[in-house]
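Analysis of the macromolecular model
One letter stands for each residue in the lines below.
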Amino acid sequence: MKHAMLVGPGAAPEGAARLDVPDGATLDDTAHALDLLLATRPALDRVVLAVGGTVVGVTTRAHLSTVRALGVVRGADEEDRGRQPVESPSTRC
């Protein structure tokens, strides 16, 4: 499951809030929803993430920060760094 990279190992679900996102939610949208939840509840450190009603695991502020630092997901204020593929004259058949 692609959302598994948003949850960390060993975080306990006790006392954590729960975030439910629909099956079709992208990683970026899910990470943004986690950011919003954590921003509105400063004392909260752990969130149980469920996708389509199925619990994926528990994430923490620290883990989500690490995922962001690695560039796995984009923040809401980051630009899309994707680009169109280009054809190189040296690889044309």
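This report concerns the structure included in the present document. (Residues numbered from 1 in each chain as written. Predicted model: local features only at pLDDT ≥ 70, side-chain atom pairs only at ≥ 80, totals over all residues. Heavy atoms only, no water.)

1. Looking at helix α1 (residues 27-40)
Because each turn of an α-helix spans 3.6 residues, side chains separated by three or four positions end up pointing in the same direction. To keep it simple, the criterion reads: Strands here mean DSSP runs of E at least two residues long; helices mean DSSP runs of H or I at least four residues long; both are numbered from the N terminus. Under the convention used throughout, the expected extent of a helix is 1.5 Å for every residue step, that is, one less than its residue count. Residue exposure (1.4 Å probe, protein chains only): buried if accessible area is under 20% of the type maximum, exposed if over 50%, otherwise partly exposed. Think of it as the arc spanned by the lines of direction from the helix axis to the C-beta atoms. We call two residues in contact when some of their heavy atoms are within 4.5 Å.
An ideal rise of 1.5 Å per residue puts 20 Å on 14 residues; α1 measures up with 20 Å between its terminal C-alpha atoms. Regarding α1, the residues found buried are Leu27, Thr30, Ala31, Leu34, Leu37 and Leu38. One side of α1 carries all its buried residues, which in axial view fall inside an arc of 120°. Away from its buried face, by an angle of more than 90 degrees, α1 presents the exposed residues Ala39 and Thr40. Residues of α1 that are buried in the fold lie against β1 (17-21), β2 (46-51), β3 (54-60) and α2 (61-69).

2. Here's the deal with the side chain of Thr30
Heads up, the rule is: Identification of polar contacts relies on pairs of N or O atoms within 3.5 Å, with a donor-acceptor requirement for protein atoms, meaning one able to donate a hydrogen and the other able to accept it, and with residues adjacent in sequence counted only if both atoms are side-chain atoms.
Inspection of the secondary structure assignment puts Thr30 in helix α1. The exposure class assigned to Thr30 is buried, which follows from its relative accessible area of 0%. A polar contact is formed between the side chain of Thr30 and the backbone oxygen of Thr26, at a distance of 2.8 Å. Not counting the four nearest positions on each side in its chain, Thr30 is found in contact with His3, Leu6, Leu19, Val21, Ala25 and Leu49.

3. Describing the pattern of salt bridges
Where we set the bar: Basic side-chain nitrogens of Lys or Arg form a salt bridge, by our definition, when they fall within 4 Å of a carboxyl oxygen of Asp or Glu.
In this structure the tally under the stated criterion is two salt bridges. Arg18 serves as the salt-bridge partner of Asp20, at 3.0 Å between the closest nitrogen and oxygen. A relative accessible area of 44% places Asp20 in the partly exposed class. You can call Arg18 partly exposed: its relative accessible area is 45%.

4. Quick look at the sheet that holds β1
Basically, it comes down to this: For two strands to count as paired, DSSP must find a minimum of two bridges between them. Helix axes use the C-alpha atoms of the stretch in contact, all axes being lines fitted to C-alpha atoms, and the angles between their N-to-C directions lie in the range 0 to 180 degrees.
Overall, mixed pairing links the three strands, which are arranged β1-β2-β3 in an open sheet. A strand with exactly one partner marks an edge of an open sheet, and here the two such strands are β1 and β3. Going from strand to strand, the sheet's axes swing by 25° on average, the running direction of each strand aside. Here five bridges tie β1 to β2, and the two strands are oriented parallel to one another. If you follow Val21 over to β2, its bridge partner there is Val51. Strand contacts of α1: β1, β2 and β3, with the helix running at about 150° to β1, the strand carrying the most contacts.

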